[in-house]
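# A structural walkthrough
Chain by chain, the residues:
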Amino acid sequence: MSSQSQKLNLAIIPGDGIGEEIVEQGVRVLDHVLGHALSGAVTTDKTYFNLGAKRYHETGDVLPDDEFEQLKTFDAILLGAVGDPSVESGILERGILLKLRFGFDHYVNLRPSKYYPGVKSPLKNPDGIDFVVVREGTEGLYCGNGGSFRYGTPHEIANEVSINTAFGIERVMRFAFQQAMKRRKKLTLVHKHNVLVHAGHLYRRTMERLNREEFPEVTCDYAHVDAATIYLVQDPQRYDVIVTDNLFGDILTDEAGAVTGGIGLSASGNINPEGAFPSIFEPVHGSAPDIAGKGIADPTATILSVAMMLEHLELPDAAQAIYDAVERDMAARAKDPGLAKRSTEQIGQAICDLIA
Ligand code: IPM
Ligand code: MG
């Protein structure tokens, strides 16, 4: 390898439902941007993993240990979607997606929310919405810390215990502050510390301490999660960086996607900032089984996830080329409503065409 060329070793998990179609376009834009914006200075090696409902039905495998180990060796992972109505809820989600998020210590779940002019939003004034949610990814109610007793009887007891550690909160909070420093220097903690007095105040105290000791330039504030759902609809422009726990982040980022014109445009990264494990980039939307195989799913969220992946891999120019192309495609859609009827493939092609 010459000093000028770099090879990215990528794992691709198309997964379920529309996963395959959208990932195909994500990969297409990836190859295109590396060939054009970077003139081929960076190339990729891609290894596809067959995980999801189909494999589960055929073999009973969810995510075998050897593949879990193999996945650790990549520079990054691109994932389409996981989950299918033919498999009992929780098996694939916990067995693939959450196993990877927890096993690869993805303590940051980064979910940007940006309004592209011209996109149809349910809000009267969506102009200028531009914030990121830093969702904690390895703790909270997602830990699977619970159980059922007297299962199936009228006296059944079901526990799901939320885990929140000082260590886990501090590291995600520091990442959120660092994001704020690169942006408009505003950080909002969303929690529910008037009720969840243990976890909520640990989050609050951690934010206040880091603000004082490490990031005095950042302006911090706080919203209870119920109020935050209102602000996201009435005044989302107020937000720059939101930091929150795993479950609140799950809920808020669906709403954040909706207000900027649809979850079909929302990208995300499950990130291990230290690079101890590969990070996973995926659209926020799910597998959309109702439209799977029809070639009509919008691949934009996946394409934006590819851009986030390139940013994470320290290829900001390539990432920016994708962001610019998507922005121009959105502007074109706004001018010509007929473009909304394009196929998955046509949108992928159009975005490639917009990359010089
Ligand atoms: C998401 C999804 C997942 C989550 C599911 C599929 C496990 O809703 O990525 O937001 O709850 O985190
Ligand atoms: Mg979700």
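Now for the side chain of Ser-287. Relative to the elements of secondary structure, Ser-287 occurs in the loop between strand E12 (279–283) and helix H9 (300–312). The buried category is assigned to Ser-287, whose relative accessible area is 7%. Within the structure, the side chain of Ser-287 is placed 2.6 Å from the backbone oxygen of Gly-83, a separation counted as a polar contact. Look past the residues within four positions of Ser-287 in its chain and what remains in contact with it is Asp-16, Gly-17, Ile-18, Ala-81 and Gly-83.

This paragraph deals with empty space enclosed by the protein. Taken as a whole, this structure holds 1 cavity of 30 Å³ or more when the rule is applied. By volume, the largest cavity amounts to about 40 Å³. Arg-111, Pro-112, Ser-113, Thr-253, Ala-256, Gly-257, Ser-266, Ala-267 and Val-284 are the residues that line the largest cavity. The set of elements that each furnish at least two residues to the lining of the largest cavity consists of strand E4 (108–114) and helix H8 (246–259). Looking at the lining of the largest cavity, its residues break down into 4 nonpolar, 4 polar and 1 charged.

Whether parallel or antiparallel, the strands of a sheet pair through hydrogen bonds between backbone atoms. In space, the 10 strands of this open sheet follow the order E2-E1-E3-E12-E11-E4-E5-E10-E8-E9, with mixed pairing throughout. The open sheet terminates on both sides in strands that have one partner only, identified here as strand E2 (42–48) and strand E9 (219–224). Recorded for the sheet is a direction-independent mean angle of 25° between the axes of neighbouring strands. Here 7 bridges tie E4 to strand E5 (residues 130–136), and the two strands are oriented antiparallel to one another.

This part covers the layout of surface pockets. If a probe the size of a water molecule is rolled over the atoms, the empty space left behind becomes visible. Its boundaries defined by the atoms lining it, the largest pocket holds a volume of some 1000 Å³. Lining the largest pocket are 35 residues, and of these Leu-110, Pro-112, Gln-179, Glu-311 and Tyr-323 sit closest to its centre. Counting only elements with at least two residues in the lining of the largest pocket, the list comes to E4, E5, helix H5 (166–182), strand E11 (267–271), H9 and helix H10 (316–335).

Across soluble globular proteins, nonpolar side chains have a tendency to be buried as a group. Counting 78 residues, the largest nonpolar core has Leu-34, Val-134, Met-173, Leu-187, Leu-310 and Ile-322 as its most contacted members. Ranked by residues supplied to this core, first place goes to H10 with 8 residues. Those residues within four positions of Ile-322 in sequence are excluded, and the remaining contacts are Val-29, Val-33, Ile-303, Val-306, Ala-307, Leu-310 and Ile-355. By size, the runner-up hydrophobic cluster in this structure holds 20 residues, among which are Ala-11, Leu-63, Val-87 and Ile-280.

Turning our eyes to something else, we now look at the environment of Gly-95. You can see Gly-95 is positioned in helix H4 (residues 91–103). Note on Gly-95: relative accessible area 17%, which makes it buried. In the structure, Gly-95 is positioned 33 residues away from Val-62 in sequence and 6.0 Å away in space, judged by C-alpha atoms.

Moving on: H4. Turn by turn, an α-helix covers 3.6 residues, leaving residues three or four places apart pointing in a common direction. In the structure, H4 departs most strongly from a straight axis at Leu-97, where the bend amounts to approximately 30°. For H4, the full list of buried residues reads Leu-92, Gly-95, Ile-96, Leu-97, Leu-98, Leu-100 and Arg-101. Once H4 finishes, Asp-105 follows within two positions and takes phi at roughly 50°, a positive value.

It is worth spelling out the pattern of salt bridges at this point. Between side chains of opposite charge, pairing is possible as soon as their charged atoms come close. Following the criterion strictly, the structure yields 23 salt bridges and no others. Between Arg-55 and Asp-61 there is a salt bridge, and its shortest N-O distance comes to 3.1 Å. Glu-69 serves as the salt-bridge partner of Lys-72, at 3.2 Å between the closest nitrogen and oxygen. The network of salt bridges with shared partners includes Glu-170, Arg-174, Arg-209, Glu-213 and Glu-214.

For the pair H5 and helix H6 (residues 197–213), the least separation of the axes is 10 Å and the interaxial angle reads 50°. As far as their axial angle goes, H6 and H5 are oblique. Here the hand of the crossing between H5 and H6 comes out right-handed. Residue-level contacts link Ala-166, Ile-169, Glu-170, Met-173, Arg-174 and Phe-177 of H5 to Leu-202, Tyr-203, Thr-206, Met-207, Arg-209, Leu-210 and Asn-211 of H6. A class-by-class count of the residues in the contact of H5 with H6 yields 8 nonpolar, 2 polar and 3 charged.

Conventions used here
Residues numbered from 1 in each chain as written. Chains lettered and ligands numbered in written order. Predicted model: local features only at pLDDT ≥ 70, side-chain atom pairs only at ≥ 80, totals over all residues. Heavy atoms only, no water. Helix = DSSP H or I, 4+ residues; strand = E, 2+ residues; numbered from the N terminus. Buried < 20%, exposed > 50% of the residue type's maximum accessible area, 1.4 Å probe, protein only. Polar contact = N/O pair within 3.5 Å; in protein donor to acceptor, adjacent residues only side chain to side chain. Contact = heavy atoms within 4.5 Å. 1 Å grid on protein atoms, 1.4 Å probe; cavity = no way out; pocket = protein on both sides within 12 Å on 5 of 7 lines; lining within 4 Å. Points joined across faces, edges and corners; volume = space filled by probe spheres on them. Nonpolar A, V, L, I, M, F, W, Y, C, P; charged D, E, K, R; others polar. Pairing = 2+ DSSP bridges. Axes fitted to C-alpha atoms, helices over the stretch in contact; angles between N-to-C directions. Core = buried A, V, L, I, M, F, W, Y, C linked by side-chain atoms within 4.5 Å. Bend = angle between axes of the 7 residues up to and from the residue. Salt bridge = Lys/Arg side-chain N within 4 Å of Asp/Glu carboxyl O. Parallel < 35°, antiparallel > 145°, perpendicular 65-115°, else oblique. Left-handed = near helix turned anticlockwise from the far one by under 90°.

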